[in-house]
Amino acid sequence: MQHVAAGLGAYLGGIIVTQPAPTAPLEHFGTVGWIAAIATLASLWLAGRVRTAEQTPTSAESISLAAAAEAEVDAGEPAAANDHGCSRGSGFPG
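Fair warning: this is a prediction, and the values are worked out from it, not measured in the lab.

Asker: Lay out the overall build of the chain in plain terms, naming residues and giving numbers.
Answerer: Per the secondary structure count, the chain includes three helices and zero strands. Ordering the α and β elements of the chain from the N terminus gives α-α-α. Buried positions account for 3% of the 94 residues belonging to the chain. A separation threshold of at least 6 residues defines the contact pool for the chain, and within that pool the share at least 24 residues apart is 0%. Total accessible area on the chain stands at roughly 8,300 Å², and carbon and sulfur atoms take up 64% of it.

Asker: Can you lay out the layout of surface pockets for me, pointing to particular residues and giving the numbers?
Answerer: In this structure, the largest pocket occupies an estimated 170 Å³ of space. At the level of elements, α1 (2–16) and α2 (29–48) are the ones that each hand at least two residues to the lining of the largest pocket. Broken down by element, the residue count for the lining of the largest pocket peaks at five residues, all from α2. The class makeup of the residues in the lining of the largest pocket is six nonpolar, three polar and no charged.

Asker: Could you give an account of the environment of Leu12, naming the residues involved and the relevant values?
Answerer: Summarising the element assignment, Leu12 is placed in helix α1. Taking the C-alpha atoms as reference points, Leu12 and Val32, 20 residues apart in sequence, are found 8.8 Å from one another.

Asker: Residues and numbers for the confidence of the model for the chain, please.
Answerer: When the pLDDT values of the chain are averaged, the result is 79; 64% of them are 70 or greater. Per-element averaging of pLDDT across the chain places helix α3 (residues 60–70) at the bottom with 67 and α2 at the top with 94.

Asker: With reference to specific residues and values, describe unusual backbone geometry.
Answerer: For His28, which is not glycine, the phi dihedral falls at a positive 70°. Within the secondary structure, His28 sits in the loop between α1 and α2.

Rules and cut-offs
Residues numbered from 1 in each chain as written. Predicted model: local features only at pLDDT ≥ 70, side-chain atom pairs only at ≥ 80, totals over all residues. Heavy atoms only, no water. Helix = DSSP H or I, 4+ residues; strand = E, 2+ residues; numbered from the N terminus. Buried < 20%, exposed > 50% of the residue type's maximum accessible area, 1.4 Å probe, protein only. Contact = heavy atoms within 4.5 Å. Areas by Shrake-Rupley, 256 points an atom, 1.4 Å probe, with all protein chains shown as cover. 1 Å grid on protein atoms, 1.4 Å probe; cavity = no way out; pocket = protein on both sides within 12 Å on 5 of 7 lines; lining within 4 Å. Points joined across faces, edges and corners; volume = space filled by probe spheres on them. Nonpolar A, V, L, I, M, F, W, Y, C, P; charged D, E, K, R; others polar. pLDDT = per-residue confidence, 0-100.

Pasting the structure below:
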């Protein structure tokens, strides 16, 4: 994304800056400088507004306990295939 923005800026700068004759000085070069300065200040202001998303940390223990609570197979029961070829607790209807 940064490369696209840099390319677009260079292209627009090339459209704004003109040179009426090969030996004439460049015109509107200062305008491009002011646009660049304003864009820099705007990006700094926007970057200052960026905040992290507030979220509670998730522990591996809470995830594994939740997954264990959803399991259909008891720990002492073998996971045998049913008459459709799917084992119990596989998450597939069977």
